[in-house]
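# Observations on chain architecture
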Amino acid sequence: MTTNKTVLISGAGVAGLALAHWLDHHGFRATLVERAPYVRHGGYAVDFRGEALDVLNRMGLLEPVRALDTAMGDAAMVDAEGRRYATLPAAVFAGDLEVPKGELTRLLHAAARGAEYLFDDSIRSVEQDADGVDVTFENGPPRRFDLLVGADGPHSRTRAVVFGPEERFLRSLGIHTAIFSLPNHLGLDHTGQLYVSPGKAANVFAGDVRGRARAALHFAAEELAPGRHDMAEQRRIVAERFAGEGWEIPRLLTEMRAAEDFWFDVNAQVVMDTWVDDRVALLGDAGYCAAPTSGRGTSQALIGAYVLAGELARARGDHRAAFPAYENAMRPLVAEHQAVGRAGAERFFLPAPTQEVLDMLAANAPERTRPEVVRLPDYDDTSY
């Protein structure tokens, strides 16, 4: 007999939506609480690697996702006057498969259509007992669930309420990033341009020809803590850091001030001794963020959702067996991904790399071909 049938998932992003799909697939009832008024369909392009392709395949989404591949080509390295001095091969920065995050979220939302959604709300408090989890919300009435999964990102509210304050677990990698969309005034078509100066980098890239592009501004800073929702202060900081820079920076700063999809955060990892507290578990960036410099976050979220739901099914809902099995299965992968993230941060700001260095990096990168599916454990042979 299956126990613990009802699961509250905090966060309707990639991890939460994928988990909702797999829980429904295995016969559980998933409810997602999301502080936004809807499933957010914005964001930059995301990569898939290795086992994540198997998860997409098992969801029936591999071919639809492949159809959205940005097919990004090489990027130009430019100086302060906009002169190209090197070519950054796509192999250096591309995953096995890259798609716009918004399009991926739409597909995952459709795949999780059987879940219940609580929008414009978030968790306020959590109380556990031997039989369930009592949750109070910022807006809606209190509810009781069998289990709770925090899939609410590196600044997880679930983690803060259950495990402790953010500063105990968040490890800055010393790089801050702002991302926003803007008109494609450079006429980019499945390519980009990258400008680097000491401690700073800026790139503009476009994966289609619909007149829009995205910009990313990165800078090194160890101690920097503007309010997470104070976008005016965040914009001010970015503009101050890039003041006086050449290339397209003045125009990018102007576009940044008006961008409705502006996003800013520190590149950081979440490091925890455990992702489990009795009936509560953490998933994806909430428990083990590898940082954007890893290029592994989306893959890690999809794999974690598949494994967590599968272990719950295998244990017939017994979280005392399923949660530790999920953590044991994911730890080696997370350790590998976080090591990649730290290494990526260390070499992030290359001071005007030569073409020889870029070609060497490309030669050591995996060839980007039509990716093969790497198979994960099969949980469908479980009786639940």
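Further up the page is the structure itself.
Strand order across the open sheet formed by six strands is β7-β2-β1-β11-β18-β17, with mixed pairing between neighbours. The sheet is open, and its two edges are formed by β7 (116-119) and β17 (276-277), each paired on a single side. Sheet analysis places β17 next to strand β18 (residues 280-282), joined by two bridges and oriented antiparallel. By the bridge assignment for β18, Val276 is matched with Ala281. The strands that helix α11 (residues 319-346) touches are β11 (147-150), β17 and β18; relative to β18, the one it contacts most, it runs at about 15 degrees.

What follows covers the nonpolar core. One finds Ile9, Leu19, Leu23, Phe48, Leu283, Leu302 and Met330 to be the most contacted residues of the largest nonpolar core, which totals 80 residues. The biggest single contributor to this core is helix α10 (residues 297-314), with ten residues. Setting aside chain neighbours within four positions, we find Met330 in contact with Trp275, Tyr288, Gln300, Ile303, Gly304 and Val307. Counting 27 residues, the second-largest nonpolar core is a separate cluster that includes Leu188, Val204, Met256 and Phe264.

This brings us to the packing of aromatic side chains. By the definition in use, this model includes eight aromatic pairs. Ring centres 6.0 Å apart and planes at 55 degrees place the aromatic pair Trp275 and Tyr326 in the tilted group. Of this pair, Trp275 sits in the loop between β16 (263-270) and β17 while Tyr326 sits in helix α11; the two residues are 51 residues apart in sequence, bridging distant segments of the chain. An aromatic cluster is built from Trp22, Tyr306 and Tyr379, whose rings are joined through pairwise contacts. A cation over an aromatic ring shows up here: Lys5 above the ring of Phe28, its NZ or CZ 5.7 Å from the ring centre. It is Arg235 that lies over the ring of Phe262; its NZ or CZ is 4.6 Å from the centre.

Turning our eyes to something else, we now look at the sheet that holds strand β15 (residues 212-220). Strand pairing in a sheet relies on backbone hydrogen bonds. The paired strands run either parallel or antiparallel. As summarised here, the arrangement of the seven strands in space is β5-β4-β13-β14-β15-β12-β16, forming an open sheet in which the pairing is mixed. Pairing within the sheet leaves two strands with one partner each, and these edge strands are β5 (84-88) and β16. Across the sheet, the mean angle separating the axes of adjacent strands is 25 degrees when strand polarity is ignored. Sheet topology places strand β12 (residues 170-183) next to β15; nine bridges connect them, and they run antiparallel.

Conventions adopted
Residues numbered from 1 in each chain as written. Predicted model: local features only at pLDDT ≥ 70, side-chain atom pairs only at ≥ 80, totals over all residues. Heavy atoms only, no water. Pairing = 2+ DSSP bridges. Helix = DSSP H or I, 4+ residues; strand = E, 2+ residues; numbered from the N terminus. Contact = heavy atoms within 4.5 Å. Axes fitted to C-alpha atoms, helices over the stretch in contact; angles between N-to-C directions. Core = buried A, V, L, I, M, F, W, Y, C linked by side-chain atoms within 4.5 Å. Buried < 20%, exposed > 50% of the residue type's maximum accessible area, 1.4 Å probe, protein only. Phe/Tyr/Trp six-rings, centres within 6.5 Å; stacked < 30°, edge-to-face > 60°. Lys NZ or Arg CZ within 6 Å of the ring centre and 35° of its normal.

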